[in-house]
Amino acid sequence: MTKRTTIALTVIAAALFGFIVLYEQGTLSTGELAARRGRVIEAFVRPRVNRLELSHGDARIVLVRHQEDEETLDTFDVGTWTLAEPIEGAADPDAVDGVLSAMEWLDARRTLEGVTAEDRTRFGLDEPRARVAFRAGEQDFHISVGGDDPRGEGIYVGADDPGTVWIVGRDFFEALDQDVDHFREKDLFPHFRSRDARRVELTNLDTHVVVERASGRFHMIEPVDTVARAAAIDSVLGVLADVRATRFLAESLSEEDAARWGLATPSREVRVTREEDPALRLRIGGACPDHEGELVAVAGDGPVACISASDVENLDAPLARLRETRLVATADDRVESIELSRGDASFTVRRNEGDWEVASSEGQARPADEAAVSGLMRGLRAEEAEQFLPASPENLAAHGLASERGTLTIHRTDEDAMEVVHIGSEDTVGIWARRGDEAQIARFTGNARELLATAAVTFRARRLSEREAEDAEEIRITRGTAVEVAASVDGQWRVREPVSLAADGAIVRDVAGAVGSLEAVRFVADRARPEHGLEHPRFTIGVRFEAAEHGDDEHTEHEDEPAEDAPVTLTVRVGAPTD
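Just so we're clear, the structure is a prediction, and the values are computed from it rather than from any experiment.

Reading the values: the criteria
- Residues numbered from 1 in each chain as written.
- Predicted model: local features only at pLDDT ≥ 70, side-chain atom pairs only at ≥ 80, totals over all residues.
- Heavy atoms only, no water.
- Helix = DSSP H or I, 4+ residues; strand = E, 2+ residues; numbered from the N terminus.
- Contact = heavy atoms within 4.5 Å.
- Areas by Shrake-Rupley, 256 points an atom, 1.4 Å probe, with all protein chains shown as cover.
- Disulfide = S-S within 2.5 Å.
- Buried < 20%, exposed > 50% of the residue type's maximum accessible area, 1.4 Å probe, protein only.
- Pairing = 2+ DSSP bridges.
- Phe/Tyr/Trp six-rings, centres within 6.5 Å; stacked < 30°, edge-to-face > 60°.
- Lys NZ or Arg CZ within 6 Å of the ring centre and 35° of its normal.
- Core = buried A, V, L, I, M, F, W, Y, C linked by side-chain atoms within 4.5 Å.
- Axes fitted to C-alpha atoms, helices over the stretch in contact; angles between N-to-C directions.
- 1 Å grid on protein atoms, 1.4 Å probe; cavity = no way out; pocket = protein on both sides within 12 Å on 5 of 7 lines; lining within 4 Å.
- Points joined across faces, edges and corners; volume = space filled by probe spheres on them.
- Nonpolar A, V, L, I, M, F, W, Y, C, P; charged D, E, K, R; others polar.
- pLDDT = per-residue confidence, 0-100.
- Expected span 1.5 Å × (residues − 1).
- Lys, Arg positive; Asp, Glu negative; His and termini not counted.
- Salt bridge = Lys/Arg side-chain N within 4 Å of Asp/Glu carboxyl O.
- Polar contact = N/O pair within 3.5 Å; in protein donor to acceptor, adjacent residues only side chain to side chain.

K.L.:
Kindly report on the overall build of the chain, identifying the contributing residues and their values.
P.N.:
Within the chain, the regular secondary structure consists of 13 helices and 33 strands. Taking contacts inside the chain between residues at least 6 apart in sequence as the whole, the part at least 24 apart equals 58%. Counting only carbon and sulfur atoms, one obtains 48% of the accessible surface of the chain, whose full area is about 31,400 Å².

Structure below.
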C-alpha cells in the first residue's frame, strides 16, 4: 500500500466518522427509542427536545429550549425555555414542565391499527382540535388531537404514522389547551437576589423611605438619618424576589392605562439600585378588574400584570417598623467579641477556638459561660428605644453623650462590621445612648441601664463547685447564733450540735450534694453590696469534703477552689431574696 493510498483512506475514514457523528447528533439513537418503547410518543426523548409548537383554535405558541448540553439533562430536567411566538420572553418552568410531562408520559388506553383515511376523518384527526409539533435533535415530529371516543374512554390522538391512532385520557388535551399567558414567566423579577440591593426606595400610603447598604448593614437616609431594621428591609426586598403575576393585562403601559389602573400615582412603589445589574422598579396600582384580592402592577415598563394583594403586604410597613429601634441588632452567631467599658471598669468577651472567654481590665482571660453571653445579647436585642431626639450638640450635652462615659462595642464575624453604642446619662425612666455616629440619640428603659452596667463576673462559669456528696465529712449550718453540725463517723451520719443523735443520711447527702454541685443562675456583681444582705446572712452552710481519689488523668481543678486531691470546706452564705 502506497503512502498516497494510506492518506486517502485516512481522509475518507475521518470524513465518514464526522458524518456519523453529525448524523447521530441530529437523530434519535436506537437506545433512546428503545427506552421509550410502549409510550404513545416514543420519539419524545426529553433531553433531546429543543422546540415545541402548540396550536389550538386561533392560538399558536412556540417554545424554544436554550442550547444546554444534552448530557447534563435527565428525564426530570426542564431546561431553560423561552417563548418565541406569539410574544418573545422567558417561559414559566412549571408550565413548560407540565406540557413536557404530559407528552413524555402519555399512555394509550387503546391502540387502533390499520386506520383508514375515512377513520381519521371520523376520529376528527383531519381537522384536529389541537396540534403539537416538536423537534428532537434535528428531527421533527407531529401529534394531532381529535374528537372524543364515543365509548367515553378518552380522546383520539394521531402521530406521523397515519395507520395508527391511540385513545388517551382527556387530561392530555387539557395540558395543551392553554393560552400564551399560561406559558410565560410569572415571576416579575425572576433573577433578583436580595443581597444584590445597594439602595432601596419605598413609597407607600404612609411614608417614603430611602435606605442604603454600607458595611453589610442598611442605613436609612430618608426621612430620618438612622439605622434601618434589616429584617424589615429584607421583607420588602423579598416581595420583589417572590412576586408573581396571576394574569397579564398588557405588554406595555400607556398613559391612558396608567391612569385607568391607578399606576400614574401608584399606591406603592419600590425602586432598587444594584451594584452591577440594572435598577429595578415595581409600581402597584388599584384593584385588578373583575378579580377580587388582586392588584394591578407593572415591573419596569411592562408587562402590566395582576398580582395577589397578599404577596405585597410587606410593602405597607410604616416608618416605625422600617427603622431600627433596638439597642443592638447583631444575632448571636454573628458575634465575634463584646467590649464594654464604663468609667475605670472594662471587659472583653470573645470567641477563642469555638469557646468563649472573658478578660477584664484587672485580670487574665478565663473561660466564659456561653449562656451568659447569649443572655446578654438577647437582653440587648430586646431593648427598644422609647424616645428619639436629634443628635444636636445641645441634646448630646443634655443627655451625657457629649463626652465619653462608656461604650459597648460588638465586633461581628462578617467582614469588618461592628455595632457601637455610646452610653449617656441615666434618669428616672432609663438611660440615653447613641448608636455609632447615628444622627439620633435614644432613650431606653431601666433594664437597658442594668444591661449596660454588666460586670465581667457575669460571664464566669456557673458551676461554683464540683464535689461529690459521698466525699462530705461534716456539715455546719449557722442561723444567727444557732449552730447545727452533722458529721460522718465510720460511714454513718450523726448530729453533734445542738444535740447528739443519729442523722437522716438521705437528707444529709442531699444538702451535701447541693453545696458540692452548686450552680449559679446568674451573677449580679463582682463583690457584695449592702442590698445583697450578705454582711448579715440569713444563714450559712459550710460543708467539709475529704480529698477525692482519682488518677492523674482524671484530675480537674476548679479555678476558684483547691485542687480535688486536698480536703476543702465550701461555705455558702444566703442573703436577701431576689426579685
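K.L.:
Explain the environment of Arg 244 to me, and be specific about the residues and the numbers.
P.N.:
Here Arg 244 is to be found in the loop between α7 (230-242) and β14 (245-250). For the pair formed by Arg 244 and Ser 308, sequence separation is 64 residues and the distance between their alpha carbons is 7.9 Å. Excluding residues within four positions of it along the chain, Arg 244 makes contact with Asp 92, Glu 185, Lys 186, Asp 187, Cys 306 and Ile 307.

K.L.:
Outline the state of the cysteines, supporting the account with residue identities and numerical values.
P.N.:
Evaluated as defined, the whole model comprises one disulfide. One disulfide in the model links Cys 288 with Cys 306; its S-S distance is 1.9 Å. In this structure, the disulfide formed by Cys 288 and Cys 306 twists by about 75° around the S-S bond and is classed as right-handed. Of this pair, Cys 288 sits in the loop between β16 (280-287) and β17 (294-299) while Cys 306 is found in strand β18 (residues 304-308), placing the two residues 18 residues apart along the sequence. Considered together, Cys 288 and Cys 306 belong to a single accessibility category, that of buried residues.

K.L.:
Could you give an account of unusual backbone geometry, naming the residues involved and the relevant values?
P.N.:
The omega torsion across Glu 222 and Pro 223 is 0°, close enough to zero to call that bond cis. Backbone torsion omega between Glu 497 and Pro 498 reads 0°, so that peptide bond is classified as cis. Mapped onto the fold, Pro 498 is located in the loop between β30 (492-497) and β31 (501-502). At Glu 353, a position not held by glycine, the phi torsion is positive, near 55°. The residue Glu 353 is located in the loop between β20 (345-352) and β21 (355-360) in this model. Look at Glu 353 and you get exposed, because its relative accessible area is 80%.

K.L.:
Go over the pairing of strand β1 (residues 49-56), please, and point to the residues and values.
P.N.:
Most of β1 is tucked away, with six of its eight residues classed as buried. Relative to strand β6 (residues 130-136), β1 is paired through six bridges, and the arrangement is antiparallel. Note that in β6 the partner of Leu 54 across the bridge is Val 132. Where β1 lies against strand β2 (residues 59-65), six bridges are found, and the strand directions are antiparallel. Within β2, the position partnered with Arg 51 by the bridge is Val 64. Count of turn residues in the β1/β2 antiparallel hairpin: two residues, of which Gly 57 carries a positive phi of about 60°.

K.L.:
A description of the packing of aromatic side chains should follow, citing residues and the corresponding values.
P.N.:
This model, assessed by the stated rule, comprises four aromatic pairs. Ring geometry for Phe 123 against Tyr 156: centres 4.1 Å apart, planes inclined by 15°, an arrangement best described as stacked. On the criterion of sequence distance, the pair formed by Phe 123 in the loop between α4 (117-122) and β6 and Tyr 156 in strand β8 (residues 155-158) is long-range, its members being 33 residues apart. Across the pair, exposure class does not vary: Phe 123 and Tyr 156 are buried alike. The ring of Phe 388 has Arg 323 lying over it, and the distance from NZ or CZ to the ring centre is 3.9 Å.

K.L.:
I'd like a description of the nonpolar core, backed by residues and values.
P.N.:
By size, the foremost hydrophobic cluster in this structure holds 37 residues, and its most contacted members are Leu 52, Leu 63, Phe 134 and Phe 172. The element contributing the most residues to this core is helix α3 (residues 93-104), with six residues. When near neighbours in sequence (up to four residues on either side) are disregarded, Leu 63 contacts Asn 50, Arg 51, Leu 52, Trp 81, Thr 82, Leu 83, Ala 91, Val 96 and Phe 183. The next biggest cluster of nonpolar side chains, apart from the first, holds 34 residues, and it includes Ile 233, Val 243, Leu 282 and Ala 305.

K.L.:
Describe the sheet that holds strand β26 (residues 430-435), listing the residues and the values that go with them.
P.N.:
Strand-to-strand pairing in sheets goes through backbone hydrogen bonds, with the strands running parallel or antiparallel. Pairing within the open sheet is antiparallel, and its nine strands lie in the order β22-β21-β20-β19-β24-β25-β26-β27-β23. Only two strands of the sheet have a single partner each, and these edge strands are β22 (366-367) and β23 (387-390). With seven bridges joining them, strand β19 (residues 335-342) and strand β24 (residues 406-412) adopt antiparallel strand pairing. Its bridge partner lying in β24, Val 335 is registered against Arg 412. Packing of helix α10 (residues 370-382) onto the sheet brings it into contact with β19, β20, β21 and β24, and relative to β19 it is tilted by some 75°.

K.L.:
Kindly report on the sheet that holds strand β5 (residues 110-113), identifying the contributing residues and their values.
P.N.:
Strand order in this open sheet of nine strands is β4-β3-β2-β1-β6-β7-β8-β9-β5, and the pairing throughout is antiparallel. The sheet terminates laterally at β4 (89-90) and β5, the two strands that pair on one side only.

K.L.:
Give me empty space enclosed by the protein: which residues, what numbers.
P.N.:
A probe matching the size of a water molecule, rolled over the atoms, marks out where space remains unfilled. Counting across every chain of the model gives one cavity of 30 Å³ or more. For the largest cavity, the calculated volume is near 40 Å³. Only β10 (197-203), β11 (208-214) and α7 provide two or more residues apiece to the lining of the largest cavity. Broken down by element, the lining of the largest cavity gets its largest block of residues, three residues, from β11. Partitioning the lining of the largest cavity into residue classes produces eight nonpolar, no polar and no charged.

K.L.:
So what about the confidence of the model for the chain? Which residues, and what values?
P.N.:
Mean pLDDT for the chain: 87, with 88% of residues reaching 70 or above. Low confidence marks residues 15-25, where pLDDT is under 50. Its contacts with residues over four positions away, or in another chain, come to three contacts. Counting contacts from residues 551-559, a segment whose pLDDT is below 50, to residues more than four positions away or on other chains yields 12 contacts.

K.L.:
Any details on α10? Residues and values, ideally.
P.N.:
When the terminal C-alpha atoms of α10 are compared, their 18 Å separation across 13 residues agrees well with the 18 Å that a helix rising 1.5 Å per residue should span. Residues Ala 372, Val 373, Ser 374, Leu 376, Met 377, Gly 379, Leu 380 and Arg 381 constitute the buried set of α10. Residues of α10 that are buried make contact with β19, β20, β21, β24 and α12 (446-451).

K.L.:
Please set out the side chain of Arg 120 residue by residue, giving values where relevant.
P.N.:
Here Arg 120 is to be found in helix α4. Here Arg 120 is buried and forms no salt bridge, its nearest opposite-charge partner Asp 126 lying at an N-O distance of 4.6 Å. There is a polar contact of 3.3 Å between the side chain of Arg 120 and the backbone oxygen of Pro 162.

K.L.:
Can you explain α3? Please cite residues and give values.
P.N.:
The first and last C-alpha atoms of α3 sit 16 Å apart over 12 residues, in line with the 16 Å expected at 1.5 Å per residue. Listed as buried for α3 are Ala 95, Val 96, Val 99, Leu 100, Ala 102, Met 103 and Glu 104. Elements that come into contact with the buried residues of α3 comprise β1, β2, β3 (81-85), β6, α5 (171-176) and α6 (180-183). One side-chain oxygen at the N-terminal end of α3 lies 2.9 Å from the backbone nitrogen of Asp 94; it belongs to Asp 92.

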